[in-house]
Amino acid sequence: MNERSIALEEGWRNALAGEFASPYMQQLKAFLVAQKLEGKRIFPKGSEYFRALDLTPLADVKVVILGQDPYHGLGQAHGLCFSVRPGVRIPPSLVNIYKEMQSDLGITPARHGFLEHWARQGVLLLNSVLTVEEAQAASHQGKGWERFTDAVIRKVNDECNGVVFMLWGSYAQRKAAVVDTTRHLVLKAPHPSPLSAHNGFFGCGHFSKANSFLQARGRTPIDWELPAAPHDS
């Protein structure tokens, strides 16, 4: 996969040039091309594979939230973990994230699930796997994306200072095992899924803890309250 052939924020493009030039990314590109030639519908659309990186430049990263796979329903995935487009029903895990924000910060839950407002402030909403086949959960795992997003996490760890990693669930916690906890704040909790949120995600206080950490380092805290009327860009 040639980094010059895709529109990607310049800082990330330079930082990840070695990944794009590597054989595993060429194999991943070939896999995605073959899937499309077979008539399979891939989410999100190609221009949004790297949307999380485009909206949150490496130099601006303040918080990292890790997801696993994109949503596999029509019209849901647009390149940011946990986020859905305006007008799409809010997924259950995001409903629980909103509940925890209300408990933690007193923020009334948004009536939509569009999280670009967070991404534009420095919240890297990164899935481990960046594509999926329609209606086939986890269908693109083990094809190379995990290695690429591991590189993204390493770049944040190595080149940024004072980043908050909000790791929900065992998968995210394993994914970020390389994070240097002497330079960054690592917050761990169960996944916000309805299956596990009551086991410690509710009451974790991650949103206020993240902002306290940022403010203590002279950084602007995240405005977690989403606009009432989101605009898809």
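Residues numbered from 1 in each chain as written. Predicted model: local features only at pLDDT ≥ 70, side-chain atom pairs only at ≥ 80, totals over all residues. Heavy atoms only, no water.

An unreviewed UniProt entry annotates the protein chain as Uracil-DNA glycosylase of Rhizobium mesoamericanum STM3625.

Participant: Looking at this structure, how should I read the pattern of salt bridges?
Facilitator: Two side chains carrying opposite charge are able to pair once their charged atoms lie near each other. All told, the structure shown has seven salt bridges when counted by the stated rule. Residue Arg 41 pairs with Glu 134 through a salt bridge whose shortest N-O separation is 3.7 Å. Linking Arg 41 in the loop between α3 (23-37) and β1 (42-43) with Glu 134 in the loop between β4 (132-133) and α7 (145-159), this pair joins segments that are 93 residues apart in sequence. On the basis of relative accessibility, which here comes to 29%, the residue Glu 134 falls in the partly exposed class. (Salt bridge = Lys/Arg side-chain N within 4 Å of Asp/Glu carboxyl O. Helix = DSSP H or I, 4+ residues; strand = E, 2+ residues; numbered from the N terminus. Buried < 20%, exposed > 50% of the residue type's maximum accessible area, 1.4 Å probe, protein only.)

Participant: For this particular structure, what's the right way to read α3?
Facilitator: For an α-helix, 3.6 residues make a turn, and residues three or four places apart therefore share a direction. With 15 residues, α3 extends 21 Å between its outermost C-alpha atoms, agreeing within 8% with the 21 Å of an ideal straight helix rising 1.5 Å per residue. Every buried residue belonging to α3 is among Tyr 24, Met 25, Leu 28, Phe 31, Leu 32 and Gln 35, and all of these are buried. Considered in projection along α3, the buried side chains sweep an arc of 115° and stay on one side of the axis. Opposite the packed face of α3, turned more than 90 degrees from it, sit the exposed residues Pro 23, Gln 27 and Leu 37. If you follow the buried residues of α3, they end up packed against α2 (17-20), β1, β4 and α7. (Expected span 1.5 Å × (residues − 1). Arc of directions from axis to C-beta. Contact = heavy atoms within 4.5 Å.)

Participant: Where do I start with the pairing of strand β5 (residues 164-168) in this structure?
Facilitator: Residues in a regular strand point their side chains to alternate faces of the sheet. Across the five residues of β5, five count as buried, placing the element largely inside the fold. Both faces of β5 are covered, namely the face carrying Val 164, Met 166 and Trp 168 and the face carrying Phe 165 and Leu 167. Bridge analysis of β5 against strand β6 (residues 185-189) gives five bridges, and the strand direction is parallel. Looking across to β6, one finds that Met 166 is bridged to Leu 187. Handedness of the β5-helix α8 (residues 170-175)-β6 crossover: right-handed. (Pairing = 2+ DSSP bridges. Right-handed = clockwise from strand over helix to strand, strands pointing away.)

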